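Each chain is listed here by its residues.
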Amino acid sequence: MSFPAYGFDDDPAAMYQMLAARRGGVPKRFDEYYRCYPTVMLPGSEREHLNYGGKIIMPPSALEKLTRLHITYPMLFELINGQADKLTHAGVLEFVAEEGKVYLPNWMMKTIALEMGDIIQIKSTDLPSAALVKLQPQSVNFLDISDPKAVLEKAFRDFSTLTKGDIFSFSYNDTIYDVAVLEVKPTSDKMGVSMLETDVSVDFAAPVGYKEPTSTRGSGTSTPRSVHGAPAGGMLHNQGTMAQSINYDAIAPSSSTAAAGARAVSSNFLLGGQKLNSKKGGKAPTPKASTPVAGHSTNPPSQPIRRTNGPQPLRLAPNQLFFGYEIKPVKTQADKDKENAEAAQPHFAGQGNTLRGGVKRKGETKEERPEVEKKAEGTGTTGRRLDGRKT
């Protein structure tokens, strides 16, 4: 069968399209123009999460036309800024916008250089499922995220597509992160992939502004250094080492200052003195009769016991941490011999004194008394009885 009058011999696809058009079965492509606005201007209650995804809000008439055109799920669209010759891809979230308007996330408007109220062309399209995407964070703050792949996996739930050259935004822990799409696979002329119902591998490039830490010669670790001459103990801060910044030598549990403070706090003789018999006058006070009262104890309150033995705590200023320990060298054999020699010396090698204050002579017995005592006995003084009788 030939159609020489229409020239279909050279283009069988054109012939098929013409015949299908007569029967009304050719699926047409959705292609409309709208004025674009950021999602923060969407009427109704505030929906901040719409600004950190990859889906747009379209008018109800768009849904009606998409239904007539038999556009299959997922509905993916190509967004074109003809004046700047830039494009990206997106999915649709809802059809609740005013007629003639579409609402886009702010990062999407920046990507294709759109201002509020500009004209945008939207076409329906098909994209292959993503196999690999390579991303580059736009700030070193991205390194603060402990598990970036898990965070991005959750963020991608709000994205239908990714396009090479996009710089999308997502929110995590009240912080906004910007990430650039460097590469997508499989590659195509549209430079976009679908993120729906697919297993995708994520690769990361170094964040913008990131610098590799310089390694210290002679050590197996690589630590950032802001100045030369960092000690072997670790990283230098603007106050010196961590131990220097908190003045560790003064507040260490074994230091003399800290030990003196601990002894002063635990001392039991900081207050006024008291007699051992607890009497203030010549007569003991008469104890008062105590009547039991409900809810009250007659026993004296117990005083808290302060412990002075054991290691003392390291007291730091608020919002300050210290990771380290005091270095105690291992005792050598010479140190042990010196300690043993000191322990072997007698502890009571001094000269003893008597209770009378005199020096006790060697060989003196109890019967031998000084001359002073003998004179005291020979004074001839006699005692008297209280009743007047002679003794």
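As the structure is a prediction and not an experimental result, all values here were calculated from the model.

Engineer: Summarise the pattern of salt bridges; cite the residues concerned and give the values.
Structural biologist: Under the criterion given, the structure shown has six salt bridges. Among the salt bridges present, the one from E32 reaches K65, with a minimum N-O distance of 2.0 Å. Of this pair, E32 sits in strand β1 (residues 31–38) while K65 sits in helix α2 (residues 60–68), placing them 33 residues apart in sequence. E32 sits in the partly exposed class, given a relative accessible area of 24%. When its relative accessible area of 24% is taken as the criterion, K65 is described as partly exposed.

Engineer: Residues and numbers for the nonpolar core, please.
Structural biologist: If you look at the biggest cluster of nonpolar residues, it comprises 41 residues, and the most contacted ones within it are M58, L79, L104, I120, I122, F168 and F170. It is strand β10 (residues 175–185) that contributes the most residues to this core, four residues altogether. L42, I57, A97 and Y103 belong to the second largest nonpolar core, which has six residues in total.

Engineer: A description of the sheet that holds strand β9 (residues 167–172) should follow, citing residues and the corresponding values.
Structural biologist: Strand order in the open sheet formed by four strands is β9-β10-β7-β12, with mixed pairing between adjacent strands. Each having just a single partner strand, β9 and β12 (201–204) make up the two edges of the open sheet. Averaged over all neighbouring strand pairs, the angle between strand axes comes to 40°, with direction disregarded. Pairing between β9 and β10: six bridges, direction antiparallel. The residue bridging F168 from the neighbouring strand is V179, located in β10. On the sheet, helix α4 (residues 148–155) packs against β7 (132–137), β9 and β12 and is oriented at approximately 125° with respect to β12.

Engineer: Before we move on, can you summarise the side chain of S169 with the specific residues and values?
Structural biologist: With respect to the secondary-structure elements, S169 resides in strand β9. Residue S169 is classed as buried on the basis of its relative accessible area of 9%. Within the local environment of S169, its side chain forms a polar contact with the side chain of D178, the two groups lying 2.6 Å apart. Not counting the four nearest positions on each side in its chain, S169 is found in contact with Y52, G53, W107, F159, I176, Y177 and D178.

Engineer: Tell me about the packing of aromatic side chains, and name the residues and values.
Structural biologist: In the structure shown here, the tally under the stated rule is 10 aromatic pairs. Here the aromatic rings of F30 and F77 are separated by 6.0 Å at their centres, their planes lie at 70°, and the arrangement is edge-to-face. One end of the pair, F30, is in the loop between α1 (12–23) and β1; the other, F77, is in strand β3 (residues 76–81), with 47 residues separating them in the sequence. Grouping residues by exposure puts F30 and F77 together as buried. Aromatic rings pair up to connect W107, F156, F159 and F168 into one cluster. The ring of Y37 carries the charged tip of K101 above its face, separated from the ring centre by 5.1 Å.

Engineer: How would you summarise the side chain of T163 if you had to cite specific residues and measurements?
Structural biologist: One can find T163 in strand β8 (residues 161–163). Among the residues examined, T163 registers a relative accessible area of 1% and is labelled buried. When neighbours within four sequence positions are excluded, T163 is seen to be in contact with T88, H89, V181, K190, M191 and G192.

Engineer: Please set out the pairing of β3 residue by residue, giving values where relevant.
Structural biologist: The buried fraction of β3 is high, at six of six residues. Of the two faces of β3, the one carrying L76, E78 and I80 and the one carrying F77, L79 and N81 are both buried. Alignment of β3 against strand β4 (residues 86–94), held across six bridges, turns out to be antiparallel. When the bridges of β4 are listed, F77 appears paired with A90. Counted between consecutive antiparallel strands, the loop separating β3 from β4 contains four residues, among which D85 sits at a positive phi close to 55°.

Engineer: Let's hear about unusual backbone geometry: which residues, and what values?
Structural biologist: In this model, K185 is joined to P186 through a cis peptide bond whose omega is 5°. With respect to the helices, strands and loops of the structure, P186 is situated in the loop between β10 and β11 (192–194). Non-glycine residue H70 carries a positive phi angle of around 55°. Checked against the element boundaries, H70 lands in the loop between α2 and β3.

Engineer: Help me get a handle on the pairing of β10, residues and values and all.
Structural biologist: Bridge count for β7 against β10 is six bridges, and the pairing is antiparallel. Each residue of the ladder has a partner; that of V133, found in β10, is V184. If you look at the hairpin formed by β9 and β10, you'll find two residues sitting between the two strands, and N173 has a positive phi there, around 55°.

Engineer: Describe a nonpolar patch on the surface, with residues and values.
Structural biologist: Side chains of V40, M41 and M116 sit close together on the surface and give an oily, nonpolar patch of about 320 Å² of accessible area. Relative to the helices and strands, M116 is located in the loop between α3 (106–111) and β6 (119–125).

Engineer: Lay out the environment of V140 with the relevant residues and their values.
Structural biologist: Within the element layout of this structure, V140 appears in the loop between β7 and α4. With relative accessibility at 33%, the residue V140 sits in the partly exposed group. Taking C-alpha positions, V140 is 8.6 Å from A206, a pair spaced 66 residues apart along the chain. Filtering out sequence-adjacent residues up to four positions away, V140 remains in contact with P207, V208, G209 and Y210.

Cut-offs applied
- Residues numbered from 1 in each chain as written.
- Predicted model: local features only at pLDDT ≥ 70, side-chain atom pairs only at ≥ 80, totals over all residues.
- Heavy atoms only, no water.
- Salt bridge = Lys/Arg side-chain N within 4 Å of Asp/Glu carboxyl O.
- Helix = DSSP H or I, 4+ residues; strand = E, 2+ residues; numbered from the N terminus.
- Buried < 20%, exposed > 50% of the residue type's maximum accessible area, 1.4 Å probe, protein only.
- Core = buried A, V, L, I, M, F, W, Y, C linked by side-chain atoms within 4.5 Å.
- Pairing = 2+ DSSP bridges.
- Axes fitted to C-alpha atoms, helices over the stretch in contact; angles between N-to-C directions.
- Contact = heavy atoms within 4.5 Å.
- Polar contact = N/O pair within 3.5 Å; in protein donor to acceptor, adjacent residues only side chain to side chain.
- Phe/Tyr/Trp six-rings, centres within 6.5 Å; stacked < 30°, edge-to-face > 60°.
- Lys NZ or Arg CZ within 6 Å of the ring centre and 35° of its normal.
- Patch = residues over 30% accessible without salt bridge, like charges linked within 9 Å, V, L, I, M, F, W, Y side chains within 5 Å.
- Areas by Shrake-Rupley, 256 points an atom, 1.4 Å probe, with all protein chains shown as cover.

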